[in-house]
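Residue-level listing of the chains:
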Amino acid sequence: MEKYNHRAVEAKWQQRWEEAGVFAAKDLTPARSAVRSMAGGSASSSSHPLSASRSSPSGRGSNSVYVLDMFPYPSSDGLHVGHPEGYTASDIVARYMRMNGKNVLHPMGWDAFGLPAENAAIKKGVHPRIVTEQNVNNFKRQIKSLGFSYDWSREVNTTDPRYYKWTQWIFLQLFKMGLAYEAEVPIWWCPKDKTGLANEEVVNGCCERCGTKVERKKLRQWLLRITKYADRLLAGLEKLDWPESIKALQRNWIGKSEGAEVVFEVGSMEYEVWGKGGERVADTMQFVPELVPLVLNGSKFKTYRFFEPKNVRKGDSVEFINASTKESFAMARITKVEKRNFIDIPLHDKGHEPDVSIEARRKRYEGYYKKIVNNDTPVWIYSFILEKTKGKARFRIKSGMTDKKKHSVPVFTTRPDTLFGATYLVLSPEHPLVDMITSEKQKKAVEKYKKDVASKTDLERTSLEKEKTGVFTGAYAVNPVNNEKIPVWIADYVLMSYGTGAIMAVPAHDERDYEFAKKFKLPILKVIKPPSVMPKNPVETIISPGGWGHLGSELESDCWTGEGTMVNSGKFDGLLSEKGRKKIIEWLEHEGKGRFAVNYKLRDWVFSRQRYWGEPIPLVHCPNHGVVPVPEDQLPVLLPDVEKYEPTGTGKSPLAGMKEWVQTQCPLGDGPAERETNTMPQWAGSCWYYLRYLDPKNEQALADPETMKQWLPVDVYVGGAEHAVLHLLYSRFWHMALYDAGVLPKDVGDEPFIKLKNQGLILGPDGEKMSKSRGNVINPDPLIAKFGADSFRMYEMFMGPFEDAKPWSTNGIVGVRRFLQRIWNIAHSGRVQKTTLIEDPNLRRRHIYTASIEYGIDSFKFNTCVSELMKWSNSWDEPTKDAYVDKDEFEVFLKLLSPFAPHISEELWSKLGHGTLLVQEEWPIFNRDLIRPSEVRIAIQVNGKLRGTVTMPSGSAKHDVEAAAKAEPNVAKYLNGKPKKVVYIKDRLLNYVV
RNA sequence: GGGCGGGUGGCGGAAUUGGUAUACGCGCAUGCCUUAGGAGCAUGUUCCGAAAGGAUUGAGAGUUCGAGUCUCUCCCCGCCCACCA
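About the criteria used
- Every chain begins its residue count from 1, and numbering advances along the sequence as written.
- Lettering for chains starts from A, numbering for ligands starts from 1, and both go in the order in which the items are written.
- Only residues with pLDDT of at least 70 get local features here, since the model is predicted, and only at 80 or more are side-chain atom pairs given and counted; chain-wide, interface and lining totals rely on the full set of residues.
- Here the side-chain values reflect all heavy atoms present in the structure, with hydrogen atoms and water set aside.
- Comment: elements are numbered from the N terminus, with helices defined as DSSP H or I runs of at least four residues and strands as E runs of at least two.
- Buried residues are those whose accessible area, probed at 1.4 Å on protein chains only, stays under 20% of the maximum for their type, while exposed residues exceed 50% and partly exposed ones sit between those limits.
- Contacts are assigned to residue pairs that have any heavy atoms within 4.5 Å of one another.
- Throughout, the Shrake-Rupley method with a 1.4 Å probe supplies accessible areas, and for residues the shown protein chains are the sole cover considered.
- Here, proximity means that at least one heavy atom of the residue falls within 4 Å of the molecule or strand.
- Two N or O atoms form a polar contact when they lie within 3.5 Å of each other; inside protein one atom must be a possible hydrogen donor and the other a possible acceptor, and for residues adjacent in sequence the pair counts only when both atoms belong to side chains.
- Any helix carries an expected span of 1.5 Å times its number of residues minus one.
- Any two strands are treated as partners once DSSP identifies two or more bridges connecting them.
- The convention used is that axes are lines fitted to C-alpha atoms, helices contributing only their stretch in contact, and that angles between N-to-C directions extend from 0 to 180 degrees.
- For our purposes a nonpolar core is just a set of buried Ala, Val, Leu, Ile, Met, Phe, Trp, Tyr and Cys residues, chained together by side-chain atoms within 4.5 Å.
- Stacked, edge-to-face and tilted are the three classes for Phe, Tyr and Trp ring pairs, Trp counted by its six-membered ring, which pair at centre distances within 6.5 Å; planes under 30 degrees apart are stacked, over 60 edge-to-face, the rest tilted.
- Here, a charge over a ring means that NZ of Lys or CZ of Arg falls within 6 Å of the ring centre while also lying within 35 degrees of the ring normal.

Asker: Would you mind going over the overall build of chain A with me for this structure?
Answerer: Scanning chain A for helices and strands turns up 30 helices and 44 strands. Sorting the 994 residues of chain A into buried and exposed places 54% on the buried side. Of the contacts made within chain A by residues no fewer than 6 positions apart, 70% connect residues no fewer than 24 positions apart. When the accessible surface of chain A is totalled, it reaches about 45,100 Å², and 51% of it is carbon and sulfur.

Written as structure tokens, this is what we have:
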């Protein structure tokens, strides 16, 4: 018998399909379409014979279906076995849809900008364009060898100027919408290579290329305001048919949390009045370095200790001014500068006595400013409140700084109910206020700590085992809820990038704060009482050794992060956490000391790369007009050829070295301007490629709106889960922005991908993740050459559930190959004959398998589809096999096989004498009535144990089945006397309970 | 620490969604065929047992006539995120 020669067959049909152009998607827009309408198609509204009905694969209900793969980055390693997994799945869906009469758009392209090509170019001394071209050619050859049904006429390449013209155009739209802005943000910096690095290039805190320890460095960057879309990106997930895990990842990445922003005054202070004889009533506090306590002396009223700004000297005068009227009411002159720069100031009354009828005058004195005058120049202004505490008058300075230097430190907390337990404040070391509040004494320690932190990698900073570190700034803050003074620390466990970069530390109810407080001996105040938990089953708990006691002690531990009842919280005592949160927020808002706040982990998208191989950002910097967009009619801004792709050493992209390219004219006038030399990140091109496939040659627009209406949104999107948060989030963001800008028609909607499926990772044969270093990488090329594309495709589908990770087994592909060979043999055996059996069980068989495979494709259970096809073919070879295989049945089989193994199916189809192409045949329709069997095998159980089976006409009544069951000797054996109960599930099972 | 997924033969995995567990394939065993090659064909293959029979879906309990599937407790594995306030 002829051996199946996959090489010849596969090459032949790939060529035939291409010649016939059978995979071209048809644009139906009036303007451009020559092909008006497709045949109506016979899309069957099938569902699994034994399950509920399914929804249509197309969310739009239109006849046009968009089946999209995540386009690959054409690396120099060539195709990985993981690529064809997703491509095969989407190809099966696309072919299935086509056979169902759908007009299918199934395109492929190249995400070709990026660092690996650039690095390879530097290494080889070739232009990145050449490297990219070679890689693309190799990828294309490999992908084509698998016989996927792509419409290659729509191929896109992100590095093609005709493509990136529109990437730049989109950037300009974002810029005009205020979604792009410039800022200095820290990035990884390699001091040896003198270049900024992408996060992916930092390995274990070292530069991937030279191994030097990287540093944080602030660089001017372009950022995209994705945070503006945080809520929409979050809410939009609800309506998407995406894997829950991916949705969860995006939710987590966006990281919305609700709580309160509480404003702590740093540098605001309590100020104690000194007694009549100059004796001190209470401690003064030093809050900020510039504000050293002073002594106000010589007054006929009181001596006050006050502050000395560095530039206040003996002889300077101090004036008290009414905040609202600006009228001065008291004067003082600095008479004495004490050690540590204490100064005595005599206070001259101008008609107000602060110590008389305090309560009555309280209102009047509130809001007075104190103004220290130095050579008639106001230096500091303080406001203060008169209070009466334990019968003694005191001034409390509300704010220790001028309006300009007022240090209000907002912190974000999800647990405002624990506010009374905030015993210290922690700022991130990078917090801009740190330098301003650090005391002289602590300056050195703070500087050193900041430097240490700056040199740490994120890994070191966040490693679990790491002990908490931090230093005291010397400054204090006031807890707004109880006016307690609390110290201000800096520590690297507080991240500048999240929230406000500052936290209120509640060591009694937060594990990190607890750990920190323990180490630095900071006060711990419990303000939440854990709920008293009653065990569900008291008896069990008493029996279980230490159970209740252990649980109890856990609840009594020093750090309780759960909910509970508020204690030590003034008037909020007794409230449950949840209610307390609301009440505290109400109080804060009422007092103007805080507000309800929502916080996101999501940060704006750093959109600049100091690299060569990317889209130039289409902006110029003009001395007169600032940042000016390049006019749209001047796009694309071509990526110029440079001699060196190496970074210039200035931290700018190699483009900065191209003087003649950088220097240009300002579009708004004839003045000189410089081009932006940063390039876009690799994600830019992939953000919108699915739009360009629709209309890849359009030079007037990124795509024709009518065409977009026809195809969008994407019906099925298949790709790896590794893009869960980056590409898939960025892409949604751009789509929403373009939608808002009116670039996308309204009908298209603001979500690009309706249904998403992730292929699971293919692991190496050892069950480990494939990697070069492990040496367990499988190269598809030799396998395709040896077993054929059909075997390869089918094995990848057969390996296991599409979305699960599964190990590769080259033995496994052999089994699939044998199966295809058997099909080949049957087709050539002469057994395939036309028969005319109406009541043939085979007729039923073909309908069952059609239903089952259709269900499998709809639900991405391709592994069971393959198994069904194998079972089907086995049924022709069973010992009871018919001499002939019904030709109609075999043809139905080939149609169902064809999405999985298209080449061999096509070949056998033609060998059966068809002049048509199988890919253009109609998908078989199954008849539900024919699926129902005439006879069923019913399980007979006694007490739930299988004791026999009986074969009965389907739909038999209970007593008939019972009669048959009792006739079974093995069943009768177990039935003594009358059964207590008899359960009958129609056509399935009979269970005697005895 | 958080989120998600999972645990079924020697291996990849199936199981009509609460109804005959181990389909399909790999591997293995025996035999056949052959100019031995990682080819083809046939039969067998969850485990224990010669058999009758019994046991079995990570462990334990519960609901049920009936549990791989539902509920609870616990154990283990994988992936992703992670000092996120």
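Asker: Help me understand unusual backbone geometry, please; the structure alone is not making it clear to me.
Answerer: Note: most peptide bonds trans; most residues except glycine with negative phi. For the bond running from Leu635 to Pro636, omega is 0 degrees, close enough to zero to count as cis. Looking at where Pro636 falls in the secondary structure, it is placed in the loop between strand E32 (626-629) and helix H16 (659-662). Following Leu712, the chain continues into Pro713 via a peptide bond in cis, with omega recorded as -10 degrees. Examined against the element boundaries, Pro713 turns out to sit in the loop between helix H19 (705-711) and strand E35 (714-720). Phi angles above zero are rare outside glycine, and Phe860 is one such case at about 60 degrees. By the element assignment, Phe860 lies in the loop between helix H24 (841-858) and helix H25 (862-875). Exposure remark for Phe860: the relative accessible area of 5% places this residue in the buried category. A positive phi angle, close to 55 degrees, is found at Asn943, a residue other than glycine. Mapped onto the fold, Asn943 is located in the loop between strand E41 (935-942) and strand E42 (945-953). Classification of Asn943 by relative accessible area gives partly exposed; the value is 46%.

Asker: So what exactly am I meant to see when it comes to the protein's contact with RNA strand B here?
Answerer: Thr414, Lys466, Lys468, Arg512 and Lys601 are the nearest of the 56 residues found near RNA strand B. Near the protein, meaning within 4 Å, the atoms of RNA strand B are sugar or phosphate in a fraction of 60%, with bases accounting for the rest. Within the side chain of Lys601, one N or O atom sits 3.5 Å away from a sugar or linking oxygen of RNA strand B. Here a base oxygen of RNA strand B sits 3.4 Å away from a polar atom, N or O, in the side chain of Lys861. No other element matches H25, which puts 6 residues into the surface near RNA strand B.

Asker: Where do I start with helix H20 (residues 727-740) in this structure?
Answerer: Given 3.6 residues per helical turn, the α-helix brings residues three or four places apart onto the same face. An ideal rise of 1.5 Å per residue puts 20 Å on 14 residues; H20 measures up with 20 Å between its terminal C-alpha atoms. Counting buried residues along H20, 13 of its 14 residues qualify, which places the element largely inside the surrounding structure. Among the residues trailing H20, Gly742 stands out with phi positive, at a value near 85 degrees.

Asker: In this structure, what is going on with the sheet that holds strand E44 (residues 989-993)? I would like to understand it.
Answerer: Strand pairing in a sheet takes place through backbone hydrogen bonds and is either antiparallel or parallel in direction. Pairing in this open sheet of 4 strands is mixed, and the strands run E42-E41-E44-E43 from one edge to the other. In the strand order of this sheet, the two ends are held by E42 and strand E43 (981-985), each with one partner. Neighbouring strand axes in the sheet, compared pairwise and without regard to direction, differ in orientation by 20 degrees on average.

Asker: Before we go on, may I ask you to explain the nonpolar core in this structure?
Answerer: Generally speaking, nonpolar side chains in soluble globular proteins are found buried as a group. Grouped together as the largest cluster of nonpolar side chains are 172 residues, with contacts concentrated most on Phe171, Trp734 and Phe890. When neighbours within four sequence positions are excluded, Trp734 is seen to be in contact with Thr167, Ile170, Leu174, Leu224, Trp605, Phe607, Ala684, Cys687 and Trp688. Within the second largest apolar cluster, 47 residues are counted, among which are Val426, Leu427, Ile490 and Ile528.

Asker: Explain the sheet that holds strand E33 (residues 663-665) here, please?
Answerer: Strand order in this open sheet of 4 strands is E32-E31-E34-E33, and the pairing throughout is antiparallel. Single-partner strands in this sheet number two, and they are E32 and E33. Within the sheet, the average angular offset between the axes of one strand and its neighbour, ignoring direction, is 45 degrees. One ladder, built from 3 bridges, connects E33 with strand E34 (residues 672-675); its direction is antiparallel. The partner of Gln663 across the bridge, within E34, is Glu674.

Asker: Mind showing me how you'd approach the packing of aromatic side chains here?
Answerer: Here the distance between the centres and the angle between the planes together describe a pair of aromatic rings. Using the criterion set out here, one finds 50 aromatic pairs in the structure. On the numbers, 6.3 Å between centres and 45 degrees between planes, the contact of Trp605 with Trp734 is tilted. Residue Trp605 is found in strand E30 (residues 605-606), and its partner Trp734 is found in helix H20; the two are separated by 129 residues along the sequence. Side by side, Trp605 and Trp734 carry an identical accessibility label, which is buried. An aromatic cluster is built from Phe171, Phe175, Trp222, Tyr229, Trp605, Phe607, Trp683, Tyr730, Phe733 and Trp734, whose rings are joined through pairwise contacts. A cation over an aromatic ring shows up here: Lys746 above the ring of Tyr739, its NZ or CZ 4.3 Å from the ring centre. Across from the ring centre of Tyr974, 3.7 Å away, lies the NZ or CZ of Arg947, which sits over that ring.

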